[in-house]
Amino acid sequence: MLAVLSPAKNLDYESEHLAVEATQPRLLDEAETLVQRCRELTPQQLGSLMKISDKLAGLNAARFTEWTRPFNEENARPAIYAFNGDVYAGLDADSMTHEEVRSAQQQLRILSGLYGLLRPLDLMQPYRLEMGTKLDNHRGKNLYEFWGDQITEMLNADLKQTGSDVLVNLASNEYFSSVNKKALNAELVTPVFKDEKNGQFKVISFYAKKARGLMARFMVNQKPESVSDLKAFNYAGYRFSESESSGKELVFMRAESDRP
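Notes on the structure in this doc start here. (Residues numbered from 1 in each chain as written. Predicted model: local features only at pLDDT ≥ 70, side-chain atom pairs only at ≥ 80, totals over all residues. Heavy atoms only, no water.)

Further remarks concern the side chain of S245. As for its placement among the helices and strands, S245 is situated in the loop between β9 (239–240) and β10 (249–254). Since its relative accessible area comes to 16%, S245 is described here as buried. Separated by 2.8 Å, the side chain of S245 and the backbone nitrogen of V251 make a polar contact. With sequence-adjacent residues up to four places away left out, S245 is seen in contact with F240, L250 and V251. (Helix = DSSP H or I, 4+ residues; strand = E, 2+ residues; numbered from the N terminus. Buried < 20%, exposed > 50% of the residue type's maximum accessible area, 1.4 Å probe, protein only. Polar contact = N/O pair within 3.5 Å; in protein donor to acceptor, adjacent residues only side chain to side chain. Contact = heavy atoms within 4.5 Å.)

In structure tokens, the structure reads:
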């Protein structure tokens, strides 16, 4: 079973992490093409394109300038330790053992505007390039057209290699839109996480993002082999709801009283 996650805007290139055997991103040539395209833009143009502040635009222009190959542990960091958002707080890679990290490398994939598809231990240099960015390029007017079916083809190859016939979508709509669902050689399952607020259950972004990371950690720890196994997810007070679920959308609910 394979799961896909979104990346995070916030990055951590400072903290210590477990000594691991890092891997190289498999679409690095494509990433370099995008870096070269972004280098053609001024910081002001990047800021306008990405809808970010002048300070962030300057930082990311510098990152594109400094981006260099080959990737090594001096100039890059494994993706699972580099991303530092709500999803990754739920995943909590810093607490993983070597065995759990190896399991994550097999079971988790991270969708990326710049790198296409990352494995947890793939080295990455810092960047910001969201999948929804309308960066015109030699293949089209945005990153979806740039990546085409390459991400889907790589997911299919990974599914085949790992003997998986289920893909668990733990990514946002923006990122999962880079996957051609019709061309996927797997059953697609999308977990949805609802929290109680004022007596009603709804998707609350902060909690839902962290819950996606928790589900990814559940997969790393429990190694589910079927959709039925996924329904056993019970981290942080969530419980599967048969009545709320439909088709391949698995709904997990958490009462306010069960929230840590």
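This paragraph deals with helix α8 (residues 150–162). Taking 1.5 Å as the rise per residue, α8 with 13 residues should run 18 Å; its terminal C-alpha atoms sit 18 Å apart, in good agreement. Listed as buried for α8 are I151, T152, M154, L155, N156, D158 and L159. Considering only its buried residues, α8 is in contact with β1 (2–5), β3 (108–112), β4 (116–118), α7 (143–147) and β6 (166–170). Count one or two residues on from α8 and you reach G163, which has phi positive near 70°. (Expected span 1.5 Å × (residues − 1).)

Let's shift gears to the environment of M50. Structurally, M50 can be placed in helix α2 (residues 43–50). On the basis of relative accessibility, which here comes to 11%, the residue M50 falls in the buried class. C-alpha separation for the pair M50 and M96, spaced 46 residues apart in sequence, amounts to 33 Å. Residues contacting M50, with those up to four places away along its chain left out, are F64, R128 and L129.

Turning our attention to the pairing of β1. Neither face of β1 is exposed, since L2 and V4 on one face and A3 and L5 on the opposite face are all buried. Sheet topology note: the β1/β6 ladder contains 4 bridges and is parallel. Residue pairing for β6: L5 is matched across the bridge by L170. Two elements, β1 and β3, share 3 bridges in a ladder whose sense is parallel. Bridging from a neighbouring strand, V4 pairs with R109 of β3. (Pairing = 2+ DSSP bridges.)

Moving on to the packing of α2 against helix α3 (residues 54–66). Relative orientation of the contacting elements α2 and α3 amounts to 110°, with a least axis distance of 8 Å. Here α2 lies roughly perpendicular to α3, going by the angle between them. In this structure, α2 meets α3 at a crossing whose hand is right-handed. Residues P43, L46, G47 and M50 of α2 form the contact with α3, whose participating residues are A57, G58, N60, A61 and F64. In terms of residue class, the contact of α2 with α3 is built from 6 nonpolar, 3 polar and no charged. (Axes fitted to C-alpha atoms, helices over the stretch in contact; angles between N-to-C directions. Parallel < 35°, antiparallel > 145°, perpendicular 65-115°, else oblique. Left-handed = near helix turned anticlockwise from the far one by under 90°. Nonpolar A, V, L, I, M, F, W, Y, C, P; charged D, E, K, R; others polar.)

Right, let's talk about the side chain of T152 for a bit. Among the structural elements, T152 can be located in helix α8. Here the side chain of T152 touches N180 through a polar contact of 2.8 Å, landing on its backbone nitrogen. Among residues more than four places away in sequence, those in contact with T152 are S178, V179, N180, A183 and L184.

Here we take up the packing of aromatic side chains. Counted by the stated rule, this structure contains 15 aromatic pairs. With centroids separated by 5.6 Å and ring planes inclined at 70°, the aromatic side chains of F193 and Y238 adopt a geometry described as edge-to-face. Taken together, the residues span a long stretch of sequence, with F193 in strand β7 (residues 187–197) and Y238 in the loop between α11 (227–230) and β9 at a distance of 45 residues. Y238 shares its class with F193; the two are buried. Linked through ring pairs, F193, F218, F233, Y235, Y238, F240 and F252 together constitute an aromatic cluster. Across the ring face of Y207, the terminal group of R254 is positioned such that the distance to the ring centre comes to 5.2 Å. (Phe/Tyr/Trp six-rings, centres within 6.5 Å; stacked < 30°, edge-to-face > 60°. Lys NZ or Arg CZ within 6 Å of the ring centre and 35° of its normal.)

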